[in-house]
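Coordinates in review
One-letter residues, chain by chain:
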Amino acid sequence: MTIPVVLSIAGSDSGGGAGIQADLKTCQELGVFATSAITAITAQNTVGVHQVKAIEPEMVYAQADAVLADIGANVIKTGMLVGEGQIKVVSQLIDKYTPAEVVVDPVISSTSGTQLLTNEGLAVLRKQLLPKTTLLTPNLPEAALLLNQKEPKTIAEMKEFAIQLHQLGPRAIVLKGGHLEGDAVDLFYDGREFIPFSAARIKATHTHGTGCTFAAAIAAELAKGSNRVNAVRVAKAFITKAIKYGFELGEGKGPTNHAAYRQQLDKE
Ligand SMILES: Nc1ncnc2c1ncn2[C@@H]1O[C@H](COP(=O)(O)OP(=O)(O)OP(=O)(O)O)[C@@H](O)[C@H]1O
Ligand SMILES: Cc1ncc(COP(=O)(O)O)c(N)n1
């Protein structure tokens, strides 16, 4: 029996809702085998990030190289990358193994506001990783940092941002509008067409790990052979259910429910 594979290069979230933990659960739910290369160990919960311990770039490379040389991967997905050294080795790994798709979720700060990527790291990400990215999934604050501009406030401004992000090199962008008011509209752009993916805003506090989960679902669908637009469509349905049925765990923003999409909870 064979199965599509995603390699997730990301940080560990001890809280279980974001990072590597979100990626592994999401891939499992969507019928994809996930391997991992851990970039950082975070001590965090639903309220905040207490400590971050970065893994040496050589060790990030060694983890990824071990699984790519043996198991391979249809898709490489990156999440939290700490510092320029890690971004450089990810870039080398992409050159060495040339995966069909590279999904980059530019995790720059956590929902609770802790900055997770240094400014030097941001510059290397822009220069080295974005040109090798096939699908970039920034939220609005991340897009603003990547472009060094103020956050967009309207769909028209989001379109302008998407065009500028595309010029940095990624084959396609999904600009996540989760931080705007009104419906949760994400804008897809691949240099040819804009496709909005919209869902009614859910009044939810349990949104820890939404960004990681959404990008992992895109990666999983791409690994199964979907095209980029269809992969985003499934991921949008996946994250919307996961938020709607999020778990009331902890004192802060609880984790989303990764099983809600497979369990078709709305139909009960
Ligand atoms: N309250 C909500 N209701 C419905 N969809 C939402 C809501 N909040 C976020 N989303 C959706 O969740 C996905 C992740 O978007 P978001 O902008 O929250 O990413 P993120 O900022 O990277 O994640 P996080 O907020 O956890 O850091 C997007 O598809 C977004 O539209
Ligand atoms: C290890 C790790 N990676 C990523 C995030 C961002 O997650 P989110 O912004 O979706 O809460 C996080 N909090 N922790």
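Residues numbered from 1 in each chain as written. Chains lettered and ligands numbered in written order. Predicted model: local features only at pLDDT ≥ 70, side-chain atom pairs only at ≥ 80, totals over all residues. Heavy atoms only, no water.

Put simply, the test is: UniProt positions are given in the numbering used here, feature names are shortened, and annotations may be inferred rather than shown by experiment.
Under an unreviewed UniProt entry, the name given to the protein is Hydroxymethylpyrimidine/phosphomethylpyrimidine kinase, and the organism recorded is Shouchella xiaoxiensis. According to the UniProt record, the Sequence similarities (unreviewed entry) comment for the protein is "Belongs to the ThiD family."

1. Structural notes on the overall build of the protein
In plain terms, the rule: Helix and strand assignments follow DSSP, with helices taken as H or I runs no shorter than four residues and strands as E runs no shorter than two, numbered in order from the N terminus. Two things to know: the radius of gyration comes from C-alpha atoms, and the globule rule equals 2.2 Å times the number of residues to the power 0.38. Only protein chains enter the area calculation, which uses a 1.4 Å probe; residues under 20% of their type maximum are buried, those over 50% are exposed, and those in between are partly exposed. Whether two residues are in contact is decided by their heavy atoms, any of which lying within 4.5 Å being enough. This count recognises Lys and Arg as positive and Asp and Glu as negative, with His and chain-terminal groups excluded. For this purpose, a charge sits on NZ of Lys, CZ of Arg, CG of Asp or CD of Glu.
Along the protein, the regular secondary structure elements total eight helices and nine strands. A compact globule built from 268 residues should have a C-alpha radius of gyration of about 18 Å, and the protein, at 17 Å, falls within 12% of that. Taken along its principal axes, the extent of the C-alpha atoms in the protein is 45 × 40 × 40 Å. By the burial criterion, 53% of the 268 residues in the protein qualify as buried. For the protein, restricting intrachain contacts to residue pairs at least 6 apart in sequence, the fraction spanning at least 24 positions comes to 67%. Across the protein, the centroid of the 25 positively charged side chains sits 3 Å from that of the 26 negatively charged ones.

2. Re the packing of helix H7 (residues 210-223) against helix H8 (residues 228-244)
To keep things clear, this is the line we draw: Fitted lines through C-alpha atoms serve as axes, helices being fitted only where they are in contact, and the angles separating the N-to-C directions of these axes extend from 0 to 180 degrees. When an angle is under 35 degrees it counts as roughly parallel; over 145 it counts as roughly antiparallel; between 65 and 115 it counts as roughly perpendicular; any other value is oblique. Handedness of each helix crossing follows the sense of rotation of the near helix against the far helix: counterclockwise by less than a right angle gives left-handed, clockwise gives right-handed. Here the term charged refers only to Asp, Glu, Lys and Arg, the term nonpolar to Ala, Val, Leu, Ile, Met, Phe, Trp, Tyr, Cys and Pro, and the term polar to all other amino acids, Gly among them.
H8 packs onto H7 with a crossing angle of 140° between their chain directions and a minimal axis gap of 8 Å. Considering their axes alone, H7 and H8 lie oblique with respect to each other. Crossing hand, H7 versus H8: right-handed. Counted together, Thr 210, Thr 213, Phe 214, Ala 217, Ile 218, Glu 221 and Leu 222 of H7 and Arg 228, Ala 231, Val 232, Val 234, Ala 235, Lys 236, Phe 238, Ile 239 and Ile 243 of H8 form the full contact between these two elements. For the contact of H7 with H8, the class distribution of residues is eleven nonpolar, two polar and three charged.

3. Remarks on the pattern of salt bridges
Applicable threshold: Each salt bridge in this description consists of a side-chain nitrogen of Lys or Arg and a carboxyl oxygen of Asp or Glu lying within 4 Å of one another.
The final tally for this structure, using the stated rule, is ten salt bridges. For the salt bridge of Asp 105 with Lys 176, the shortest nitrogen-to-oxygen distance reads 3.4 Å. Here Lys 176 lies in strand E7 (residues 172-176) and Asp 105 lies in the loop between strand E5 (101-104) and helix H4 (119-129), a separation of 71 residues in the sequence. When sorted by exposure, Asp 105 lands in the same class as Lys 176, which is buried.

4. Here we look at the pairing of strand E2 (residues 33-44)
Note the following rule: Pairing between strands is defined by DSSP: at least two bridges between the two strands are required. If you view a crossover with the strands going away from you and the path from the first strand over the helix to the second runs clockwise, you call it right-handed.
Looking at chain direction, strand E1 (residues 5-13) and E2 are connected through eight bridges and run parallel. Looking at E2, one finds that Ser 12 is bridged to Ile 41. Regarding topology, helix H1 (residues 19-29) serves as the crossover connection from E1 to the parallel E2, and that connection is right-handed. Two elements, E2 and strand E3 (residues 49-54), share five bridges in a ladder whose sense is antiparallel. Looking at E3, one finds that Gln 44 is bridged to Val 49. Adjacent in sequence and paired antiparallel, E2 and E3 are bridged by four residues.

5. Things to note about the site of ligand 1
Put simply, the rule reads: By convention in these notes, a residue is near a molecule or strand provided one of its non-hydrogen atoms lies within 4 Å of it. We call two N or O atoms a polar contact when they sit within 3.5 Å, provided that within protein one can donate a hydrogen and the other can accept it, with sequence-adjacent residues counted only if both atoms are side-chain atoms. Under the convention used here, a 1.4 Å probe and the Shrake-Rupley method define accessible areas, while residue burial counts only the protein chains that appear.
Among the 18 residues in the neighbourhood of ligand 1, the closest are listed as Asn 139, Lys 176, His 179, Asp 186 and Thr 210. At 2.7 Å from an oxygen atom of ligand 1 is found a side-chain nitrogen or oxygen belonging to Asn 139. One of the backbone nitrogen or oxygen atoms of Thr 207 is found 3.3 Å away from an oxygen atom of ligand 1. For ligand 1, the accessible surface in isolation is 610 Å², of which the surrounding protein chains cover 93%. At the level of secondary structure, the elements contributing two or more residues to the shell around ligand 1 comprise strand E8 (184-189), H7 and H8. Tallied by class, the residues present in the shell around ligand 1 amount to six nonpolar, eight polar and four charged.

6. A look at the environment of Ile 218
Within the fold, Ile 218 resides in helix H7. Taking the C-alpha atoms as reference points, Ile 218 and Lys 236, 18 residues apart in sequence, are found 8.6 Å from one another. Not counting chain neighbours up to four residues away, the residues in contact with Ile 218 comprise Leu 135, Thr 137, Val 174, Ala 231, Val 232 and Ala 235.

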